[in-house]
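Listed below are the residues making up each chain.
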Amino acid sequence: MAAQQTPANQSNVFRAASDYFSTPVIVQDKDGKFVPDLKQDEFKIYEDGVLQKIATFWPIIGGRQMSGLGTTATRPVMEGLILPSTRPPTDTSGRMFIVFIDDLHLQPGDTPRIKDLLKQVRDKLVHENDLVGFVSSGKSSIEIDPSYDYGHKRFNEAINRVMGGGLTPSEILAGAAMEGAEGPTGLRYNAHTAFATAFDMIDQLAKIPDRRKAFVYVSNGYDFNPFKESRFQKIKDFYATSDGQTNPTTNADGSPNSDAEQGQKDLDSLRQEEYNKRTEFSIADLVNEVAQLARAAQRANVTFYPIDPRGLIAGGDMTLTEKISYADWRDLHMTQISTLTTLAEETGGFCTCMMNDFDRALKRIDAEMSDYYTIGYFTSNPDPLRIKRLVKIEVTRPGLQVPIYRSEYLLPRPAKRPK
């Protein structure tokens with residue numbers, strides 16, 4: 001009788017959820033060397049402080065998955081729903097590189113140096129059995145999907161098309177008087193374009209599980225408020241010229257005019273206050289955008305390896321006709337390098353900045369991408385409302401450290417039910 005009273009358009013729905021999480025793990029000894037002989041039972045993985053049962057364990061040595069030494073994930077049996085068993089991946093290359101050429105933040109005059117850097121990346125980091133893709137943020141118009149690049153044909157194509165297109169210091173100062181409410185509008189637009197391009201690539205990489213993914217980030221870094229004092233001087237000069245006040249602090253006979261001098265000081269103070277209000281949130285905005293990009297990379301299990309092709313920076317550009325103080329140059333370089341360093345440190349990579357030894361850095365990236373463990377589990381926490389999960393991995397063998405792994409992840413938000 002109860003079954004007959006069930007509406008015809010209503011059906012019983014059986015649901016089962018089993019969220020799978022995996023991460024590459026690098027274990028090092030006290031000398032910082034990779035330890036390749038660990039077994040599955042020597043790892044302990046916790047989610048929100050709760051010990052999890054390891055379902056996937058694969059050693060990756062030399063960029064290749066070691067067959068016969070790992071275990072394949074088997075999804076837990078859930079009542080009401082039978083799911084097919086997971087097939088092992090057929091492609092086990094294990095290494096994937098995305099070369100992001102942020103040409104909107106690379107100086108046109110540095111183009112030959114950028115090409116030389118990319119040739120070193122091609123010859124010393126990327127092997128023929130690696131998956132490699134290319135994308136640029138601006139005028140170079142490079143977009144090459146990840147694939148096996150035998151003979152480095154696609155790499156050479158990307159190198160030939162590279163052209164720095166960032167705003168030069170002269171262009172930044174020339175547009176100082178026409179700035180928007182948040183400072184130099186061109187810089188903000190270029191940064192948003194670069195971040196949006198990086199976000200798109202990260203979204204695509206997030207769909208690729210059980211593989212270590214490197215984001216080689218070639219850029220000079222970011223600063224929303226460069227040459228602060230020099231730009232303000234340009235603004236004062238512009239208003240003085242436009243008002244016709246070429247020398248307002250003296251009388252016609254050349255004697256000092258105290259009233260005009262005080263008035264000029266008051267006007268400069270007012271303009272300085274207005275200028276400071278315009279740019280006071282530039283650092284906070286920049287930190288927020290860089291943090292969002294780093295968090296997206298963490299969720300997608302992507303490691304950032306920023307490289308600044310300028311190498312060791314000794315000072316400012318002495319070829320400029322504009323006078324820029326040493327303090328302005330110092331603040332610019334410190335802010336730019338700090339953004340790249342943050343992206344690296346927050347995603348488990350390192351920044352090749354303020355150094356000329358690219359060869360040593362590329363060898364380190366190669367080592368970190370070649371030797372690691374892939375560990376995965378099906379979470380035992382059934383609460384779908386706990387979106388953010390914190391992960392901690394330990395090893396039982398004494399004297400070892402686990403510096404690199406994915407320390408958090410987000411559950412996919414449930415799709416809206418059709419009405």
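Rules behind the numbers
Residues numbered from 1 in each chain as written. Predicted model: local features only at pLDDT ≥ 70, side-chain atom pairs only at ≥ 80, totals over all residues. Heavy atoms only, no water. Pairing = 2+ DSSP bridges. Helix = DSSP H or I, 4+ residues; strand = E, 2+ residues; numbered from the N terminus. Contact = heavy atoms within 4.5 Å. Axes fitted to C-alpha atoms, helices over the stretch in contact; angles between N-to-C directions. Parallel < 35°, antiparallel > 145°, perpendicular 65-115°, else oblique. Left-handed = near helix turned anticlockwise from the far one by under 90°. Nonpolar A, V, L, I, M, F, W, Y, C, P; charged D, E, K, R; others polar. Core = buried A, V, L, I, M, F, W, Y, C linked by side-chain atoms within 4.5 Å. Buried < 20%, exposed > 50% of the residue type's maximum accessible area, 1.4 Å probe, protein only. Disulfide = S-S within 2.5 Å.

A. Up close: the sheet that holds strand 12 (residues 388-395). With antiparallel pairing, the 4 strands of this open sheet are ordered in space as 3-2-12-14. Of all the strands in the sheet, the pair left with one neighbour each is strand 3 (50-51) and strand 14 (408-410). Sheet analysis places strand 2 (residues 43-47) next to strand 12, joined by 5 bridges and oriented antiparallel. From the neighbouring strand, Glu47 faces strand 12, where its bridge partner is Val391.

B. Layout of the sheet that holds strand 13 (residues 401-404). In space, the 5 strands of this open sheet follow the order 5-4-11-1-13, with antiparallel pairing throughout. Across the chains shown, the open sheet's two edge strands, defined by having one partner strand only, are strand 5 (64-65) and strand 13. Where strand 1 (residues 20-28) lies against strand 13, 2 bridges are found, and the strand directions are antiparallel. In the strand pairing of strand 13, Ile26 is matched with Ile404. Running at roughly 40° to strand 11 (residues 372-378), helix 9 (residues 358-370) makes contact with strand 1, strand 4 (54-61), strand 11 and strand 13 of the sheet.

C. Quick peek at the packing of helix 4 (residues 185-205) against helix 7 (residues 282-299). At a closest axis distance of 9 Å, the pairing of helix 4 and helix 7 adopts a crossing angle of 15°. Taken together, the axes of helix 4 and helix 7 lie roughly parallel to each other. Here helix 4 and helix 7 pass one another in a crossing that is left-handed. Here helix 4 contributes Arg188, His192, Phe195, Ala198, Phe199 and Ile202 to the contact with helix 7, which in turn contributes Ser282, Asp285, Glu289, Val290, Gln292, Leu293, Ala296 and Ala297.

D. Here's a closer look at the side chain of Glu47. Position of Glu47 among the secondary structure elements: in strand 2. Excluding anything up to four places from it in sequence, Glu47 contacts Gln52, Tyr377, Thr379, Asn381, Arg389, Leu390 and Tyr409.

E. Inspection of the packing of helix 1 (residues 111-124) against helix 2 (residues 153-161) at higher detail. One can describe the packing of helix 1 onto helix 2 by two numbers: an axis separation of 9 Å at closest approach and a directional angle of 170°. With respect to each other, helix 1 and helix 2 are oriented roughly antiparallel. In this structure, helix 1 contributes Lys115, Leu118, Lys119, Val121 and Arg122 to the contact, and helix 2 contributes Phe155, Asn156, Ile159, Asn160 and Arg161. Its residues assigned to classes, the contact of helix 1 with helix 2 shows 4 nonpolar, 2 polar and 4 charged.

F. Local environment of the environment of Glu346. Its place among the elements puts Glu346 in helix 8 (residues 326-347). Considered as a pair, Glu346 and Phe304 are 42 residues apart in the sequence and their alpha carbons are 8.5 Å apart. When sequence neighbours within four positions are dropped, the list of residues in contact with Glu346 reads Ala294 and Gln298.

G. Region of the structure containing the nonpolar core. With 31 residues, the main nonpolar core has Ile202, Phe215, Tyr217, Leu293 and Phe304 as its most contacted residues. Mapped onto this core, the elements with two or more residues apiece are strand 6 (95-101), strand 7 (131-136), helix 4, strand 9 (212-218), helix 7, strand 10 (302-307) and helix 8. Ranked by the residues each element gives to this core, the list is headed by helix 4, at 7 residues. Among residues more than four places away in sequence, those in contact with Ile202 are Phe215, Leu293, Ala296, Ala297, Ala300 and Phe304. Within the second largest apolar cluster, 29 residues are counted, among which are Leu118, Val121, Phe350 and Ile365.

H. Geometry of the state of the cysteines. Applying the stated criterion across every chain, the model contains 1 disulfide. Two residues, Cys351 and Cys353, share a disulfide whose sulfurs are 1.8 Å apart. Judged by relative accessible area, Cys353 falls into the buried class, the value being 10%.

As far as function goes, none of this settles anything; it's purely spatial.
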